[in-house]
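Listed here are the chains, written in short residue letters.
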Amino acid sequence: MSSFLPSGWAWASVGETGQYINGFAFKPSHWGARGKPIIRIQNLTDDGKPLNRTELDAPAAVHVAPGEMLVSWSATLDVFIWRREPALLNQHIFRVIPDTEVVEPRWLFHALRLAIQQLSDSAHLHGSTMAHINRGPFLAHRLPMPPRGEQVRIADQLDEVLSDLDSAATELRHAQKKLTQCR
């Protein structure tokens with residue numbers, strides 16, 4: 001990683017950007033038909049997957065509200081925004097509480113995606129059957145931190161471009177469906 005940064009930028013570790021709270025190790029015996037939903041990795045990657053539920057009194061730190069940022073650090077390595085009902089966080093997922101004095105949360109979302117990609121391409125990726133990134137190297141990974149105003153500008157630009165890309169992908173899926181129907 002180059003040490004050159006534009007004026008006003010600084011290096012910071014992922015751990016300096018906020019709190020990263022690992023989920024609770026729910027066992028299948030904790031699951032039931034009632035209670036609070038449990039966020040598992042499959043629920044992050046597919047909104048259609050049903051939620052397991054529990055009546056277990058889980059620690060407050062693993063309670064997740066809609067709109068919170070989550071990092072799957074095992075199996076599917078990625079960053080997500082939780083968009084379903086309030087729920088409890090399962091293991092292998094970090095609940096991210098950004099330090100808003102230091103970082104713009106929307107910028108952090110994109111920066112964490114880049115960090116995960118960089119760690120995935122390095123010796124820090126472990127596991128032959130289920131890939132994962134260890135907490136220590138993840139939290140120690142260095143990010144180039146722009147000044148706060150620049151973080152907002154970058155996040156705005158990325159949000160706009162990625163929104164356009166999502167719209168184009170949706171249009172393509174609709175066109176493919178129509179083509180299939182016409183055939």
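Above this text is the structure in question.
The following refers to the structure shown.

Basis of the calculations
- Residues numbered from 1 in each chain as written.
- Predicted model: local features only at pLDDT ≥ 70, side-chain atom pairs only at ≥ 80, totals over all residues.
- Heavy atoms only, no water.
- Helix = DSSP H or I, 4+ residues; strand = E, 2+ residues; numbered from the N terminus.
- Contact = heavy atoms within 4.5 Å.
- Buried < 20%, exposed > 50% of the residue type's maximum accessible area, 1.4 Å probe, protein only.
- Pairing = 2+ DSSP bridges.
- Axes fitted to C-alpha atoms, helices over the stretch in contact; angles between N-to-C directions.
- Core = buried A, V, L, I, M, F, W, Y, C linked by side-chain atoms within 4.5 Å.
- Salt bridge = Lys/Arg side-chain N within 4 Å of Asp/Glu carboxyl O.
- Expected span 1.5 Å × (residues − 1).

**So, the side chain of Asn43**
Part 1: Secondary-structure assignment places Asn43 in helix 1 (residues 41–45).
Part 2: With sequence-adjacent residues up to four places away left out, Asn43 is seen in contact with Ile38, Lys49, Pro50, Leu51, Trp82 and Arg84.

**A closer look at unusual backbone geometry**
Part 1: One non-glycine residue, His92, adopts positive backbone phi at about 75°.
Part 2: Within the secondary structure, His92 sits in the loop between strand 9 (87–89) and strand 10 (93–98).
Part 3: For His92, a relative accessible area of 23% gives the class partly exposed.

**Regarding the sheet that holds strand 4 (residues 36–39)**
Two modes of strand pairing occur in sheets, parallel and antiparallel, and in both the strands are linked by backbone hydrogen bonds.
Part 1: Read across the sheet, five strands follow the order 3-5-4-9-6 without closing on themselves; strand pairing throughout is mixed. The open sheet terminates on both sides in strands that have one partner only, identified here as strand 3 (31–32) and strand 6 (63–64).

**Looking at the sheet that holds strand 2 (residues 18–22)**
Part 1: One open sheet holds the four strands; their spatial order is 2-10-7-8, and the pairing between them is antiparallel. At either end of the open sheet lies a strand with only one pairing partner, and these are strand 2 and strand 8 (78–81). Across the sheet, the axes of successive neighbouring strands diverge by a mean angle of 30°, strand direction being ignored.
Part 2: Where strand 7 (residues 69–72) and strand 10 come together, four bridges link them in antiparallel fashion. Residue pairing for strand 10: Val71 is matched across the bridge by Phe94.
Part 3: Most of the contacts of helix 2 (residues 105–120) go to strand 8, to which it runs at about 155°, and overall it touches strand 2, strand 7, strand 8 and strand 10.

**A look at the pairing of strand 13 (residues 142–145)**
Part 1: With burial as the criterion, only one face of strand 13 is covered, namely that bearing Leu143 and Met145; the residues Arg142 and Pro144 on the opposite face remain uncovered.
Part 2: Of the strand pairs in this sheet, strand 1 (residues 10–13) and strand 13 are connected by four bridges, and their pairing is antiparallel. Each bridged residue has a counterpart across the sheet, and for Ala12 the counterpart in strand 13 is Leu143.

**A look at the nonpolar core**
Part 1: Residues Tyr20, Val71, Leu112 and Phe138 are the most contacted members of the largest nonpolar core, which totals 25 residues.
Part 2: If you list the elements that add at least two residues to this core, you get strand 7, strand 10, helix 2, strand 13 and helix 4 (148–182).
Part 3: Apart from residues lying up to four places away in sequence, Phe138 is in contact with Val14, Tyr20, Val71, Phe94, Leu112, Ile116, Leu119 and Ile133.
Part 4: One finds Phe26, Ile38, Leu70 and Ile93 within the second-largest nonpolar core, a separate group that totals 16 residues.

**A look at the pattern of salt bridges**
Part 1: Per the stated rule, a full pass over the model turns up nine salt bridges.
Part 2: Arg95 is the partner of Glu68 in a salt bridge, and the nearest nitrogen-oxygen pair spans 2.6 Å. With Glu68 in the loop between strand 6 and strand 7 and Arg95 in strand 10, the pair connects residues that are 27 residues apart, well separated along the chain. There is no split in this pair, since Glu68 and Arg95 are both buried.
Part 3: Put simply, Asp156 and Arg106 hold a salt bridge, and the shortest N to O gap is 2.7 Å. Residue Asp156 is located in helix 4, and its partner Arg106 is located in helix 2; the two are separated by 50 residues in the primary sequence.

**So, helix 2**
Part 1: Taking 1.5 Å as the rise per residue, helix 2 with 16 residues should run 22 Å; its terminal C-alpha atoms sit 22 Å apart, in good agreement.
Part 2: Taken residue by residue, helix 2 has Trp107, Leu108, Phe109, His110, Ala111, Leu112, Ala115, Ile116 and Leu119 as its buried positions.

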